[in-house]
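# Architecture and fold: a report
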Amino acid sequence: MRIGELAATVGVTTRAIRHYHHLGLLPEPERQANGYRVYGLRHAVELARIRRLTELGLGLGEVRDVLADDAGRELVEVLAELDADLARQEAALQARRARLRELLAAAEQGRLPDEGPVSPELADFLAELGELDQTSPMAAKDREMLALIDTTAPPELRGPLLAALLPTVTDPAALAAARDVYARLDALTDAAPDDPRVSEAARALIACLPPELPGAGTPAPGGFLAAVLADCSPAQAEVLRLVLDAVTNGGAR
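As a starting point, this report considers the structure included with it. The model shown is predicted, which means the values in this text are computed figures rather than measured ones.

## Description of the overall build of the chain
Counting its secondary structure elements, the chain contains 14 helices and 0 strands. Across the 253 residues of the chain, 34% fall into the buried class. Counting contacts in the chain only where the partners sit at least 6 residues apart, residues at least 24 apart contribute 57% of the total. Accessible surface, the chain as shown: approximately 15300 Å² in total, 56% of it carbon and sulfur.

## Points about the nonpolar core
By size, the foremost hydrophobic cluster in this structure holds 24 residues, and its most contacted members are Leu185, Leu188, Leu205, Val239, Leu240 and Val243. Of all the secondary structure elements, the ones that give two or more residues to this core are helix H8 (137-152), helix H11 (172-187), helix H12 (196-208), helix H13 (222-230) and helix H14 (234-248). Per-element tally for this core: the top contributor is H14, with 7 residues. Leave out the neighbours within four places in its chain, and Leu205 touches Val181, Val239, Leu240 and Val243. If you look at the next biggest cluster of nonpolar residues, it comprises 21 residues, including Ala7, Ala16, Tyr20 and Val66.

## Side note on the environment of His21
On the secondary structure map, His21 appears in helix H2 (residues 14-23). His21 gets classed as buried once you look at its relative accessible area, which sits at 12%. Apart from residues lying up to four places away in sequence, His21 is in contact with Leu26, Pro27, Glu28, Pro29 and Tyr39.

## A short note on the side chain of Ser233
Note that Ser233 resides in the loop between H13 and H14. One polar contact links the side chain of Ser233 to the main-chain carbonyl oxygen of Leu188, over a distance of 3.1 Å. Polar contacts involving the side chain of Ser233 include one to the main-chain carbonyl oxygen of Thr189, which spans 3.5 Å. Apart from the residues within four sequence positions on either side, Ser233 is in contact with Leu188 and Thr189.

## Remarks on the pattern of salt bridges
Applying the stated criterion across every chain yields a total of 9 salt bridges. With its nearest N and O atoms 3.0 Å apart, the salt bridge here joins Asp195 to Arg197. Using a relative accessible area of 38% as the deciding quantity, one classes Arg197 as partly exposed. Taken together, the shared-partner salt bridges connect Asp180, Arg184 and Glu200 into one network.

## Describing a negative patch on the surface
A cluster of like negative charges, contributed by Glu62, Asp65, Glu77 and Glu81, occupies part of the molecular surface. Of all the secondary-structure elements, those providing two or more residues to the negative patch are helix H4 (60-68) and helix H5 (73-108).

## What about H12?
The end-to-end C-alpha distance of H12, which contains 13 residues, comes to 19 Å, matching closely the 18 Å that a straight helix rising 1.5 Å per residue would cover. Among all positions of H12, only Val198, Ala201, Ala202, Ala204, Leu205 and Ile206 are buried. Those residues of H12 hidden inside the fold are in contact with H11 and H14. Put simply, Asp195 is the residue that caps the front of H12, since its side-chain oxygen is 2.8 Å from the backbone nitrogen of Arg197.

Rules of the game
Residues numbered from 1 in each chain as written. Predicted model: local features only at pLDDT ≥ 70, side-chain atom pairs only at ≥ 80, totals over all residues. Heavy atoms only, no water. Helix = DSSP H or I, 4+ residues; strand = E, 2+ residues; numbered from the N terminus. Buried < 20%, exposed > 50% of the residue type's maximum accessible area, 1.4 Å probe, protein only. Contact = heavy atoms within 4.5 Å. Areas by Shrake-Rupley, 256 points an atom, 1.4 Å probe, with all protein chains shown as cover. Core = buried A, V, L, I, M, F, W, Y, C linked by side-chain atoms within 4.5 Å. Polar contact = N/O pair within 3.5 Å; in protein donor to acceptor, adjacent residues only side chain to side chain. Salt bridge = Lys/Arg side-chain N within 4 Å of Asp/Glu carboxyl O. Patch = residues over 30% accessible without salt bridge, like charges linked within 9 Å, V, L, I, M, F, W, Y side chains within 5 Å. Lys, Arg positive; Asp, Glu negative; His and termini not counted. Charge placed at Lys NZ, Arg CZ, Asp CG, Glu CD. Expected span 1.5 Å × (residues − 1).

The values are spatial; any link to function lies outside them.
Following this line, the structure appears as structure tokens:
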């Protein structure tokens, strides 16, 4: 058989056969006098075995290990590992489908935030925040920052952090205080860093923060913090510096 006939017989491409030759998975016959390679039945049998193993999900490196073990013990070991891996993938897929069902249900009820598939904890927080971000530029920045934290923070920190912040927007007095802080910060858009209102806004913001804020004692990475401050006006950035210093160092509330 020529390579095209072998490929058609086993149901693979000629490119795949050449790749298997290159990797040493399939013996490559010598060229005949006419320059063509002639494949025999043994090549077809080995190629069919490679196809079966790859269809099971084995990588080509694993296929090489299986083909090198005549006793077949390696195949049992690899298949067991593959089964465990598929079980993990199946569990992950079920979890993703469950999350999608939650998001679809939220969309049907008009509760899907503009940020899209955020965690349930952040979705609850944003729902309580309501339309505040549409009237306050700083509230809108906070919303974006929370979505970023929701994506990047580990679950063991993200859940407690949002749970601690939720009372700040569910209690009427706390929500009124948050609105006041946002108004103070918005008023500093064109102010200088030494404006007297900067320290007042910092004290008001510190007073709004929960007494126990998860992760408060862990400084943010320098590059990330610099990007956050650069996105604010000089006076607003100074407010955040004062607040971060107080929270990180256990300053008075």
